[in-house]
Amino acid sequence: MSTPNKDIEKVEVRLKWDPSPPGAPAHDLDIIAATYPADEPYGGPAYLVHFDSRSPDGTIMLNRDSRTGQGLGFDEVMTLELNRLSAVYARVVIGVAIQQRNGRRTFEDIANAGVQIREGYTNLAEDDFSAVGGATAATVAEFVRDASGGWEFQKTVRGFDGDPVSFAAAMGNRAPDE
C-alpha cells in the first residue's frame, strides 16, 4: 500500500520491545536499511546499514542500538536523510531482524515489539508485527525515488524466515504478487 506522502526528506525509524524475562537470554532486534541503485533497484543492495555501520556518505545511520530492549520508549533508532542521498540510489528498504544466537525467536516471542516511522512530528506508519508474528524478520518500509527526484514512502510489512544475514540479502526482493 502506498500513501500520498511525497518529497520526504529526513525520516526516523524507531524500534521498541520489552526485555526478555529474568533468566532468559536477551532478545536482540535490529533495524537494517538496504540501499538499491537506480540502474538495478530490485537487484542486490549497494550497501546495508545496521548495528556497527553507517552509510558511506553519512546519510543513513543508527543513532541508538539496543541488544536487550531495556530502556524507556524506543530502544533502537535509525535516521535516514533521504534529501542528501545521492541520485544514484532510487530505493531504500527498511527491515527489522531478530538475532537468532540463542535459538529461534519470532516476533510473537517478543513482548510489545513495535516499529514507528516518522518524518519530523508526523507518523508515517506504526506496526506491532502481529501480522507477521511467526516471522524472524520483516520489511517495514520502502522509500522510492520518483521521476522528479522526490521520495515516496510505502508501508510494506512483509515477514521473512531466516537469520539476519539471509534476510539482508533478500529483503529488497519483489513480493510474490509484484
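Participant: Even after reading the chapter, I still don't get the overall build of the protein, so can you show me in this structure?
Facilitator: A tally of helices and strands in the protein yields one helix and eleven strands. Going from N to C terminus, the protein has its helices and strands arranged as β-β-β-β-β-β-β-β-β-β-β-α. By residue count, 49% of the 178 residues in the protein fall in the buried class. Sequence-distant contacts, at least 24 apart, represent 67% of the contacts inside the protein between residues at least 6 apart. Of the accessible surface of the protein, which amounts to about 8600 Å², a share of 48% is contributed by carbon and sulfur atoms.

Participant: Sorry, what's going on with the sheet that holds strand β8 (residues 114-119) here?
Facilitator: By way of backbone hydrogen bonds, the strands of a sheet pair with one another, either parallel or antiparallel. Pairing is antiparallel across the open sheet formed by five strands, whose spatial order is β5-β6-β2-β8-β9. Looking at the sheet topology across the chains shown, the edges are occupied by β5 (60-64) and β9 (122-127). For this sheet, the mean inter-axis angle between neighbouring strands, taken without regard to orientation, is 20 degrees. Pairing of β5 with strand β6 (residues 76-81), which is carried by four bridges, proceeds in the antiparallel orientation.

Participant: Would you explain the environment of Ala34 in this entry?
Facilitator: Mapped onto the fold, Ala34 is located in strand β3 (residues 29-37). Placed 14 residues apart in sequence, Ala34 and Leu48 show a C-alpha to C-alpha distance of 4.6 Å. Ala34 has contacts with Pro45, Tyr47, Leu48, Arg91, Val92, Val93 and Met171, leaving out every residue within four places of it along the chain.

Participant: Where do I start with the nonpolar core in this structure?
Facilitator: The nonpolar side chains of a soluble globular protein tend to be buried with one another. The biggest cluster of nonpolar side chains holds 37 residues, and the ones touching the most others in it are Val92, Ile94, Ile117, Phe129 and Phe143. Sort the elements by how many residues they give to this core and strand β7 (residues 89-98) lands first, with five residues. With residues near it in sequence (within four places) discarded, Ile94 still touches Val13, Ile31, Ile32, Ala33, Leu80, Ala138, Thr139, Val140, Ala141, Phe143 and Met171. In terms of nonpolar packing, the next biggest core, distinct from the first, is built from nine residues, Ile32, Ala34, Phe160 and Phe167 among them.

Participant: Would you explain empty space enclosed by the protein in this entry?
Facilitator: Space left empty within the atom packing is revealed by a probe, the size of a water molecule, rolled over the atoms. Overall, the coordinates contain one cavity of 30 Å³ or more when judged by the stated rule. Its boundaries defined by the atoms lining it, the largest cavity holds a volume of some 70 Å³. When its residues are assigned to classes, the lining of the largest cavity shows three nonpolar, four polar and three charged.

Participant: Looking at this structure, I do not really get the environment of Pro37. What am I missing?
Facilitator: Among the structural elements, Pro37 can be located in strand β3. Expressed as a C-alpha distance, the spacing of Pro37 and Ala90, which sit 53 residues apart in the sequence, is 5.7 Å. Discounting chain neighbours no more than four positions away, the residues touching Pro37 are Gly44, Ala46, Val88, Tyr89 and Ala90.

Participant: For this particular structure, what's the right way to read the packing of aromatic side chains?
Facilitator: Geometry of an aromatic ring pair is reported as the spacing of the ring centres plus the angle between the planes. For the structure on display, the rule yields four aromatic pairs. Residues Phe143 and Phe153 carry aromatic rings whose centres are separated by 5.4 Å and whose planes lie at 50 degrees to one another, so their mutual orientation is tilted. With a gap of ten residues between them, Phe143 in strand β10 (residues 137-145) and Phe153 in strand β11 (residues 151-160) connect regions that are remote in the sequence. Plain terms: the ring middles of Phe160 and Phe167 are 5.0 Å apart, the flat faces sit at 65 degrees to each other, and that makes the pair edge-to-face.

Participant: It is not clear to me how the side chain of Thr59 should be interpreted in this structure. Could you clarify?
Facilitator: Along the chain, the position of Thr59 falls in the loop between β4 (47-49) and β5. A relative accessible area of 2% means that Thr59 is categorised as buried. Only 2.7 Å separates the side chain of Thr59 from the side chain of Asp57, close enough to count as a polar contact.

Participant: Mind showing me how you'd approach the pattern of salt bridges here?
Facilitator: Where charged atoms from two side chains of opposite charge approach closely, those side chains can pair. Considering all chains together, one arrives at six salt bridges under this definition. For Arg84, the salt bridge identified is with Glu81, shortest N-O distance 3.2 Å. Classification of Arg84 by relative accessible area gives partly exposed; the value is 44%.

The rules behind the values
Residues numbered from 1 in each chain as written. Predicted model: local features only at pLDDT ≥ 70, side-chain atom pairs only at ≥ 80, totals over all residues. Heavy atoms only, no water. Helix = DSSP H or I, 4+ residues; strand = E, 2+ residues; numbered from the N terminus. Buried < 20%, exposed > 50% of the residue type's maximum accessible area, 1.4 Å probe, protein only. Contact = heavy atoms within 4.5 Å. Areas by Shrake-Rupley, 256 points an atom, 1.4 Å probe, with all protein chains shown as cover. Pairing = 2+ DSSP bridges. Axes fitted to C-alpha atoms, helices over the stretch in contact; angles between N-to-C directions. Core = buried A, V, L, I, M, F, W, Y, C linked by side-chain atoms within 4.5 Å. 1 Å grid on protein atoms, 1.4 Å probe; cavity = no way out; pocket = protein on both sides within 12 Å on 5 of 7 lines; lining within 4 Å. Points joined across faces, edges and corners; volume = space filled by probe spheres on them. Nonpolar A, V, L, I, M, F, W, Y, C, P; charged D, E, K, R; others polar. Phe/Tyr/Trp six-rings, centres within 6.5 Å; stacked < 30°, edge-to-face > 60°. Polar contact = N/O pair within 3.5 Å; in protein donor to acceptor, adjacent residues only side chain to side chain. Salt bridge = Lys/Arg side-chain N within 4 Å of Asp/Glu carboxyl O.

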